Amino acid sequence: MRHLRWSGQRRAGIAAGALGLLAALFPAGSAAAEPARWALVSADVSPGVTPGYNINDKRVAVLGASDGKVRIAIGRSIVEDLGRPPGAPVGKLALTEDQVYALARDGSVTHFNRAAGRWETLAVGMIDLMASRAGASVIEDNQPPRFIPDLYVVAAAGGVWRLRGDPQRGGGWELIGMDSDVDALVERGYGYTTPTTLFEHTTGGAVRQWSGTGTTWLTIGSSFSFISADEINLIATDAAGKAQLYNDRPGSWGMLPRPAAAVLPYAPGGRAIAADNKTYYLTSTGDIFAIRYVHWGSVSIAGWAHLAAGPVVALSPHFPADYGTDDGTVAAAVRADGTLTELNWPTIQVASAFSPAPVYPPDPVFPPDAETGGIYQYTDTHAVDWSGRLRVLVETGSLPPGITAGTTSQGELMLSGRPTVTGVFVATLLLYDDTGAVFSVYVTLRVVDGPGPVFTSKHWVNPTSSLTLVNCLPDRAFMAVWTREFPSDGSYPDWENHGLAASRSGLPGCTATSSAAITYTPPPDHTVEVVGLDTGAPNCAGRNDPDVAGCVLFHRQITGAAGLAPEVVTLIG
């Protein structure tokens, strides 16, 4: 049995309307409506200034609304005041480690010189800047080494310029791009002493990649309104608000995949923000969504979760203050009311499926052969933790006719039913939960000839809106139906008796309308064990006890799902 790890908590009984969407809504304009998820850091932040951040750093730089001073936040606290940059009001901040830069609305670029304790002008006439994750470790005046990033700017008159962090490799600005239509820069890669890959976005929506030398840039995409990148991904958002992943070939972009029932917040004006092991999405109305593990070609991808209602005007992903866990990035949000809030991601019960790297997909599953006409059941791939209801769908290929895929309350994928034709059937199945977290299972199932017992209706049902057991037992024996629900803690509750039904006639004249029946309707999203008893069976001897093996004729776990067609099973003994 292969195991599937889901991070998050398994919760039974989530409302049916919550598929793929976690209820994390704030009242409009409220920054602290849910302190367990969002912590208030400051109520004096300028909402019109783009914060400075880097996804592999704990710091976020913001501008005070009342005094125009640059402040550094780590986690839930303001830890440093760098004073007010000189000149025109600041429009954007940038940082890498303790190096902080500001772009003023008049186009001047300044840097906070920590040794001198003051802001110094580096350039004028600029419209964008980016502090790179790549640079150099510099030792000056017998001081401890400090990291100085490469700095990139876009000139209003056209052109992209670089100021190297390593003074040994050049002490002045270097022209690396000559296009006049560039309006933004992003980089992909881990940085530090390893070079990153630089991308530019143009006013016409084109995306270009720098060759790394000279002023040569290659166009890799078009018609995008926004770009973002992290260590691995380059994600571009088009005019319709749809996010696409770059596949490292010019012109090759792919829409983010999603399992059934996942909610995608794509809409014009929205933009996707790459952030290490997550991708955030900021809508045009300022709502925040997020997904986990969205690496190109990966077999694991989480569904969109709603983290906060608007109006959020800026989102700054970064490492948490206590980084060292597998939680990856968190984020700081600047809201329209001038508040800065910190997202506590671990409080968000968003599941994620861990699987091997894309080049090493999970090994195929080869269940035991099934026989035509015979009852078949096989379980595999155990999920130890998930959110809400665990479900499955067939993504590609097909299962044998008569065989369906379902899940058990214990987190197992179950193949069951009565196959009707022989052959070899190959399918890709997706396990997913209420957040849309998904894991791929590749199944090859062979069906061979076999005598097996024949039933008048499907014997295996999951999920269903209701299940009706029809008594077509011979000799007018009584049929009994018992159920017990599996709670989220894995315990076994007591059985519940749903009564007796007498057979009016045996086969072949017995039908669902001519004989007695008992209908059971499972609660939505609840997994229930259903047992049908033949009290007239020799080993049962008239007893009505679901724990007596000789009495059990029908045994099945079903999951309630409103809206599906009701199921009818005819019991013939």
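Residues numbered from 1 in each chain as written. Predicted model: local features only at pLDDT ≥ 70, side-chain atom pairs only at ≥ 80, totals over all residues. Heavy atoms only, no water.

Undergrad: Can you help me understand the overall build of the chain in this one?
TA: Check the secondary structure of the chain and you find 0 helices and 45 strands. Out of the 573 residues in the chain, the part that is buried amounts to 54%. Considering only contacts in the chain between residues 6 or more positions apart, those separated by 24 or more positions represent 60%. Element-wise, carbon and sulfur atoms account for 53% of the exposed surface of the chain, whose accessible area totals about 23,300 Å². (Helix = DSSP H or I, 4+ residues; strand = E, 2+ residues; numbered from the N terminus. Buried < 20%, exposed > 50% of the residue type's maximum accessible area, 1.4 Å probe, protein only. Contact = heavy atoms within 4.5 Å. Areas by Shrake-Rupley, 256 points an atom, 1.4 Å probe, with all protein chains shown as cover.)

Undergrad: Explanation requested: the nonpolar core in the structure shown.
TA: Taken as a class, soluble globular proteins show a tendency for nonpolar side chains to be buried jointly. One finds Ala405, Leu413, Leu415, Leu429 and Val443 to be the most contacted residues of the largest nonpolar core, which totals 18 residues. Where this core is concerned, the elements lending two or more residues are strand 35 (403-407), strand 36 (412-417), strand 37 (423-432) and strand 38 (438-448). Leu469, Met479, Tyr520 and Ile558 belong to the second largest nonpolar core, which has 16 residues in total. (Core = buried A, V, L, I, M, F, W, Y, C linked by side-chain atoms within 4.5 Å.)

Undergrad: I'm lost on the packing of aromatic side chains in this one. Help?
TA: Centre-to-centre distance and the angle between the planes together describe a pair of aromatic rings. Applying the stated criterion across every chain yields a total of 6 aromatic pairs. Centre to centre, the rings of Tyr246 and Trp253 are 4.9 Å apart; their planes meet at 40 degrees, and the pair counts as tilted. Each member of the pair, Tyr246 together with Trp253, is buried. An aromatic cluster of at least three residues, connected via ring pairs, comprises Phe224, Tyr246 and Trp253. Across the ring face of Phe226, the terminal group of Arg271 is positioned such that the distance to the ring centre comes to 5.4 Å. (Phe/Tyr/Trp six-rings, centres within 6.5 Å; stacked < 30°, edge-to-face > 60°. Lys NZ or Arg CZ within 6 Å of the ring centre and 35° of its normal.)

Undergrad: Help me understand the pattern of salt bridges in this model?
TA: Pairs may arise between side chains of opposite charge once their charged atoms sit close together. For the structure on display, the rule yields 16 salt bridges. The shortest N-O distance in the salt bridge between Glu174 and Arg162 comes to 2.9 Å. Here Glu174, found in strand 15 (residues 173-177), pairs with Arg162, found in strand 14 (residues 160-163); they are 12 residues apart in sequence, far enough to count as distant. Residue class for Glu174 comes out partly exposed when judged on its relative accessible area of 29%. Among the salt bridges present, the one from Glu529 reaches Arg484, with a minimum N-O distance of 2.7 Å. Highlighted residues: Glu529 in strand 43 (residues 527-534) and Arg484 in strand 40 (residues 478-485), separated in sequence by 45 residues. Per residue, the accessibility class of Glu529 equals that of Arg484, and both read buried. (Salt bridge = Lys/Arg side-chain N within 4 Å of Asp/Glu carboxyl O.)

Undergrad: For this particular structure, what's the right way to read the environment of Ala332?
TA: Tracing the backbone through its elements, the reader meets Ala332 in strand 29 (residues 330-335). A residue is classified by how much of its surface remains accessible, and Ala332, at 3% relative accessible area, is buried. When the C-alpha positions of Ala332 and Ala73 are compared, they lie 9.2 Å apart, and in sequence the two are 259 residues distant. Once residues lying within four places of it in the same chain are set aside, the contact partners of Ala332 are Val60, Ala314, Leu315, Ser316, His318, Leu340, Thr341 and Glu342.

Undergrad: Sorry, what's going on with the confidence of the model for the chain here?
TA: Parts of the prediction with low pLDDT should not have their coordinates interpreted in detail. Chain-level statistics for the chain give a pLDDT mean of 78 and a share of 75% at 70 or above. Within the chain, the lowest mean pLDDT, 32, falls on strand 2 (residues 6-7), and the highest, 98, falls on strand 18 (residues 207-210). For residues 1-35, every residue scores under 50 in pLDDT, and the model assigns this stretch 128 contacts once sequence neighbours within four places are set aside. Considering only residues more than four positions removed or in separate chains, one finds that residues 294-302, a stretch of pLDDT under 50, has 37 contacts. (pLDDT = per-residue confidence, 0-100.)

Undergrad: Even after reading the chapter, I still don't get the sheet that holds strand 8 (residues 90-96), so can you show me in this structure?
TA: Hydrogen bonds between backbone atoms are what pair the strands of a sheet, whose relative direction is either parallel or antiparallel. Ordered in space as 8-9-10-11, the 4 strands form an open sheet in which the pairing is antiparallel. Each having just a single partner strand, strand 8 and strand 11 (118-123) make up the two edges of the open sheet. Strand-to-strand twist in this sheet, taken as the mean axis angle between neighbours without regard to direction, amounts to 30 degrees. (Pairing = 2+ DSSP bridges. Axes fitted to C-alpha atoms, helices over the stretch in contact; angles between N-to-C directions.)

Undergrad: I would appreciate a short explanation of the sheet that holds strand 39 (residues 467-471) in the present structure.
TA: Strand order in the open sheet formed by 3 strands is 42-39-45, with mixed pairing between adjacent strands. Looking along the sheet, the strands with just one partner apiece sit at the ends: strand 42 (517-520) and strand 45 (567-571). Each neighbouring strand pair of the sheet contributes to a mean axis angle of 20 degrees, computed without reference to strand direction. Pairing analysis gives 5 bridges linking strand 39 to strand 45, with the strands arranged parallel. Across the sheet, the residue bridging to Val470 is Thr570, located in strand 45.

Undergrad: Sorry, what's going on with the pairing of strand 25 (residues 278-282) here?
TA: Each regular strand carries side chains that alternate between the two faces of the sheet. Counting buried residues along strand 25, 5 of its 5 residues qualify, which places the element largely inside the surrounding structure. Here strand 24 (residues 271-275) folds back onto strand 25, and the loop between the two strands holds 2 residues, one of which, Asp276, carries a positive phi near 60 degrees.

Undergrad: Honestly, unusual backbone geometry in this entry has me stumped. Any pointers?
TA: Peptide bonds are, in most cases, trans, and in most cases residues other than glycine have a negative phi. In this model, Glu97 sits at a positive phi of 50 degrees, which is unusual for a non-glycine residue. Within the chain, Asp248 stands out as a residue other than glycine whose phi angle is a positive 60 degrees. Counting through the fold element by element, Asp248 comes out in the loop between strand 22 (243-246) and strand 23 (253-255).

Undergrad: Hey, could you run me through the pairing of strand 17 (residues 197-202) in this one?
TA: By the criterion of burial, strand 17 is predominantly enclosed, with 5 of the 6 residues buried. Pairing geometry for strand 16 (residues 182-188) and strand 17, over 6 bridges, is antiparallel. Residue pairing in the sheet places Val182 in a bridge with Thr202 of strand 17. In this structure, strand 17 lies alongside strand 18, joined through 3 bridges in antiparallel fashion. Residue pairing across strands places His201 opposite Val207, the latter belonging to strand 18. Remark: 4 residues form the turn of the hairpin made by strand 17 and strand 18, two consecutive strands paired antiparallel; Gly205 in that turn has positive phi of roughly 95 degrees.

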